[in-house]
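Descriptive analysis of the structure
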Amino acid sequence: MPSAARAVLLVAAPVVAASPLPGQAHVPPRTLQPARWHRLRLGTVRPEGWLLSQVQLQAAALTSHLPLFWPNVANTSWLGGPADNDGGLHESTPYWLNGATPLAFQLGDPALLALVRQYIDGVLVRQTSEGWLGPDSDHGDFWSRYPFLLALAQYHEALPHGAERQRALDAAVRFLGTMARRLQGGVKLRSWSASRSHDLIWAIHYFVDALAVPAAGGGEDRNSLLALAELIHEQGFDWGAWFNSSAFPRAAVEDTTDFTHGVNNAQAIKHGAVWARQGGDAAGGTAKSWLAWEVLMRYHGQPNGIFSADEHLAGQMPSRGTELCVVVEAMWSLALVAQVAPTNSQATRALDALENVAFNALPGSLSDDLWSHPYLQFANSVQAVHDEVDHVWTHDGPDSAMYGLAPNYECCTANFHQGYPKLISHLFFMMPTEKALVSAVWAPSTVSLPDFAGGLELDLRTRYPFGMIAEYLIKNAEDFKLRVRLPSFLREVAGPGVGLDTVRVWLEDHEQIVELYDGFLEYTIPPWPEAKPRVALRIEWAAAPKVRQGPREQGASVFVGPLLLGLDLGEQACKVQQYSFAAADWDTTATAPWRYGLRLDAAGQGFGPLAWREPGPRPHRHRADACPLAVNATLLRVLEQVWPMVHGAPGPLPTPGTAAAGPPETRLLLPYACSTIRIAAFPLLNGQPQNVIQLV
Ligand SMILES: *[C@@H]1O[C@H](CO)[C@@H](O)[C@H](O)[C@H]1NC(C)=O
Ligand SMILES: *[C@@H]1O[C@H](CO)[C@@H](O)[C@H](O)[C@H]1NC(C)=O
Ligand SMILES: *[C@@H]1O[C@H](CO)[C@@H](O)[C@H](O)[C@H]1NC(C)=O
């Protein structure tokens, strides 16, 4: 709950007019530390390869179609319409814009850009003389402005200098002035406005940085905005205390509060990292954010890389679910933690976590055509159907597992759009004082930075996570440092004193000794004046299936590189309801048996060769014959009475060492992200060694 006792500090402080009166002691202006890693301006990093296919699909599907047929965006109250008022919140259109805006600029898609401009312009022309933005039905409803301001910040960032850009900044500053006056007038942050306060503080910091650019004026506005951020920080939830408290839940919660709410927790991971810039303590802020992620994963972590929260924190049972909004919000939080972290090794941990979510839980909660999603995803599930009255999750409705347009509640339909665009925005960072570019997460992409290294063009050619080569094609007038994070599965083999034969690196065709500095490869890229870029850096590696044991309730899971694999259930989809365009609700069920486990002695586990396929126009096809990776495994079957269904889902895993029901069988594993339903957390069983078929 909001910590009311801490709220008094700044309520009476002059938030809007911050200059000292004549004769008063001079108050030093508030300051904002830069993050260690600088964000690259929106639009300078662009998707390529499978990632381009994925976001083109997204843009062509719901991102561009919601304004055409979905009332919460098509007839939003933000543009004077009757819709988008659910729960009195007005959040759908801001959520959508928070993803559609970066996507439009990253794709340079004229139609989507026009749509985004039309919406943002429509909101700005309706700004009241007081400065308020959006519907004003409740003077305490600040929350839905937060995602709007996040969209506006990205819009401002991507626009060229000029009147349209200035207008976005002015609108934000005017709104924040109004918000400050309302808070001074006695309105208190509450509910979502208080629990998600650090999203707003991030936006305020963005606009403070923007004000700093043209030196003319802005000083007073900056100080007032930082005073407002301080007030919001004080009135917001005390997430530091929550994550560091003995009251933090260590199992699925029954008594729910706003503190146990999954999306709130996902957004709150950023609290320490965001406040670090203003509080001036990057180490302390990173520690707070890392503690948040660490306890969420220790007690609620799932093999798909995200914590369970089927509305509220839901423990480690692999049949308990995670809401799609949790996934996209946690991704952005983790990117911010990496950006602020004071050391490379701390940044690396946050990026490992981001990568696991981005390559597993995110696509694992989207249909392969990007027209539908489930409200909840599960590491283990054998059906995803509508109206499941007897369900394993405890705080969401009966449609939560179904893939559809807006199953259970509409927030994820509007909010999922930010997932991939914000990943793209954080694939690279800059460290200007060291003249270094940081390649944080591998994915096919290009970077274009006219003001860096005398003009830099970089093309990261890779199929990662579906391939085993990364090439940096670079054109640069001056030398610069390139810092490349090695993913965690490669750092395990490339650690100090360990044989490095599974990672090989060539710098301009000369093979290098692979040395890691705090998780990063680091090379000085010499200047390259010629018009055609060259392969400046080439990295190759090997990947084999790896069995990782999870906590007791989760048995073990199989990974290839960062990709979690799941048992192919021969899933079959049946349309339940058709909406406009290709939007529909689907019931998905299994046609193949699912009760299988891995061998207790993981070393005896047999896998066939990895069958890679080039990701097609639908990179995460939910079909064994069309997805980018498939691998056979020898699995052990268990009896139905040993692993029964409970409330429509696989029950608790059989205890380790349970006897298999027969000889090993060959079954196909696919990337988790290429399935709608799957078994990804396997029980560990005892099989007869003489029956093991070694496929390799
Ligand atoms: C939007 O509202 C208008 C007028 O109320 C209505 O005719 C139209 O069908 C609505 N469109 C959508 C997509 O809900
Ligand atoms: C958690 O609380 C302990 C005890 O008060 C404190 O020493 C520690 O610094 C806190 N951790 C974080 C990350 O804030
Ligand atoms: C898996 O094994 C079956 C034979 O049991 C074979 O037909 C199939 O091609 C194999 N698939 C892969 C991806 O290795």
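Now for a quick tour of the structure. Quantities reported herein were computed from a predicted structural model and do not represent experimental measurements.

The rules behind each value
- Residues numbered from 1 in each chain as written.
- Chains lettered and ligands numbered in written order.
- Predicted model: local features only at pLDDT ≥ 70, side-chain atom pairs only at ≥ 80, totals over all residues.
- Heavy atoms only, no water.
- Phe/Tyr/Trp six-rings, centres within 6.5 Å; stacked < 30°, edge-to-face > 60°.
- Helix = DSSP H or I, 4+ residues; strand = E, 2+ residues; numbered from the N terminus.
- Buried < 20%, exposed > 50% of the residue type's maximum accessible area, 1.4 Å probe, protein only.
- Lys NZ or Arg CZ within 6 Å of the ring centre and 35° of its normal.
- Axes fitted to C-alpha atoms, helices over the stretch in contact; angles between N-to-C directions.
- Left-handed = near helix turned anticlockwise from the far one by under 90°.
- Contact = heavy atoms within 4.5 Å.
- Near = heavy atom within 4 Å.
- Polar contact = N/O pair within 3.5 Å; in protein donor to acceptor, adjacent residues only side chain to side chain.
- Areas by Shrake-Rupley, 256 points an atom, 1.4 Å probe, with all protein chains shown as cover.
- Nonpolar A, V, L, I, M, F, W, Y, C, P; charged D, E, K, R; others polar.

Considerations on the packing of aromatic side chains
Counted by the stated rule, this structure contains 31 aromatic pairs. Measuring from ring centre to ring centre gives 5.1 Å for Trp-37 and Phe-429, while their planes differ by 40°; the resulting arrangement is tilted. With Trp-37 in the segment before strand S1 (38-39) and Phe-429 in strand S11 (residues 428-431), this pair connects stretches of sequence that are 392 residues apart. Taking relative accessible area as the criterion, Phe-429 reaches 0% and is therefore assigned buried. Residues Phe-237 and Phe-259 carry aromatic rings whose centres are separated by 4.5 Å and whose planes lie at 40° to one another, so their mutual orientation is tilted. With Phe-237 in the loop between helix H9 (219-235) and helix H10 (239-243) and Phe-259 in the loop between H10 and helix H11 (262-268), the pair connects residues that are 22 residues apart, well separated along the chain. Each member of the pair, Phe-237 as well as Phe-259, is classed as buried. Each residue in the set Phe-237, Trp-239, Trp-242, Phe-243, Phe-248, Phe-259 and Tyr-299 is aromatic and connected to the rest through ring pairs, giving one cluster. Over the face of the ring belonging to Trp-332 we find Lys-422, whose NZ or CZ atom lies 3.9 Å from the ring centre.

What about the packing of helix H13 (residues 282-300) against helix H15 (residues 344-361)?
Across the interface, H13 lies against H15 with an axial gap of 11 Å and an inter-helix angle of 35°. Between H13 and H15 lies a crossing of left-handed hand. Counting all contacts with H13, which are made through Thr-286, Trp-290 and Trp-293, the residues of H15 involved are Gln-346, Arg-349, Ala-350, Ala-353 and Val-357.

What about the site of ligand 3?
The local shell around ligand 3 consists of Ala-611, Ala-630, Asn-632 and Leu-668. Separating an oxygen atom of ligand 3 from a side-chain N or O atom of Asn-632 is a distance of 2.3 Å. Protein chains bury 40% of the 370 Å² of accessible surface belonging to ligand 3 in isolation. Classifying every residue of the shell around ligand 3 gives 3 nonpolar, 1 polar and no charged.

Here's the deal with the site of ligand 2
The environment of ligand 2 is made up of Asn-244, Ala-287, Lys-288 and Leu-291. Here Asn-244 contributes a side-chain N or O atom positioned 2.2 Å from an oxygen atom of ligand 2. Partitioning the shell around ligand 2 into residue classes produces 2 nonpolar, 1 polar and 1 charged.

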